[in-house]
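# Observations on chain architecture
Chain residues, written in single-letter form:
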Amino acid sequence: MRAPALTLALSALAAGALAGCGHSQPTPSQLALEREDLIALAKALQSREPQVGRELAATKRAWPLVVNGLPMGSPQNLVGPVSAAAASAAAVTTPALVGEARGYTLTGPAASTTGPA
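None of these values were measured; they are calculated from a predicted model.

A count of helices and strands for the chain gives four helices and zero strands. The N-to-C order of helical and strand elements in the chain reads α-α-α-α. Taking all 117 residues of the chain together, 18% fall into the buried category. Across the chain, contacts joining residues at least 24 apart in sequence account for 66% of those joining residues at least 6 apart.

Written out as structure tokens, the structure is:
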């Protein structure tokens, strides 16, 4: 993600977190926890930028070959770029803060996204 896109995404997350989806006003301590979560998430996402950049480059190489559907048969010119795109996508790791194992620590509206408590 480029810096402007990352900033926009984080701003949208912050706005959603602060809006509270119609719930009661958060306490100052809840807001502090949400800010801490947002800062930690921003740092975690920024650390993934190189991984995502490699994945994006690999996907851009494969996309023109498959955008209109796969051709009949299995042309060899598809195998390399598509395999590289799949491998680079698999190499992108999810920050622990948004993974299922740590989901229970989320505060505010994000807390309900991890399932029953």
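Of the residues in the chain, 63% have a pLDDT of 70 or more, and the chain-wide mean is 77. Within the chain, the element-level pLDDT minimum falls on helix 1 (residues 3-19), averaging 62, and the maximum on helix 3 (residues 49-66), averaging 91.

Another aspect to go through is helix 4 (residues 76-91). When the terminal C-alpha atoms of helix 4 are compared, their 23 Å separation across 16 residues agrees well with the 22 Å that a helix rising 1.5 Å per residue should span. Those residues of helix 4 not exposed but buried are Leu78, Ala85 and Ser88. End-on view of helix 4: buried residues confined to an arc of 125°, all on one side of the axis. The outward face of helix 4, more than 90 degrees from its buried face, is lined by the exposed residues Gln76 and Ala90.

Below, the discussion takes up the environment of Thr94. Residue position: Thr94 is located in the segment after helix 4. Accessibility expressed as a relative area gives 55% for Thr94, which makes it exposed. A sequence separation of 49 residues divides Thr94 from Leu45, and the C-alpha atoms of the two residues are 8.6 Å apart.

This next bit is on helix 3. Given 3.6 residues per turn, any residue in an α-helix points the same way as the ones three and four places further on. With 18 residues, helix 3 should reach 26 Å at 1.5 Å per residue; the first-to-last C-alpha distance of 25 Å fits that figure. Within helix 3, the axis deviates most sharply at Lys60, by approximately 30°, and proline Pro64 lies no more than four positions further along. Taken together, the buried positions of helix 3 are occupied by Gln51, Ala58 and Ala62. Residues of helix 3 that are buried in the fold lie against helix 4.

With respect to the element layout, Ser88 can be found in helix 4. In this structure Ser88 comes out as buried when scored by relative accessible area, which is 13%.

Rules used in this analysis
- Counting restarts for each chain, with residues numbered from 1 along the sequence as it is written.
- A pLDDT threshold of at least 70 governs which residues receive local features in this predicted model, and a stricter bar of 80 or more applies before side-chain atom pairs are shown or counted, although totals over entire chains, interfaces and linings include all residues.
- Calculation of side-chain values draws on the structure's entire complement of heavy atoms; hydrogens and water are dropped beforehand.
- In this description a helix means any DSSP run of H or I spanning at least four residues, a strand means any run of E spanning at least two, and both kinds are numbered starting from the N terminus.
- Each residue gets one of three labels from its accessible area relative to the maximum for its type: buried under 20%, exposed over 50%, partly exposed in between, using a 1.4 Å probe on protein chains only.
- We call two residues in contact whenever any of their non-hydrogen atoms come within 4.5 Å of each other.
- Values of pLDDT, which run from 0 to 100, indicate the predictor's confidence residue by residue.
- A helix is expected to reach a length of 1.5 Å times the quantity of its residues less one.
- Note: the arc covers the axis-to-C-beta directions of the helix.
- Think of it this way: the bend at a residue is just the angle between two axes, each fitted to seven residues, one set ending at that residue and the other starting at it.

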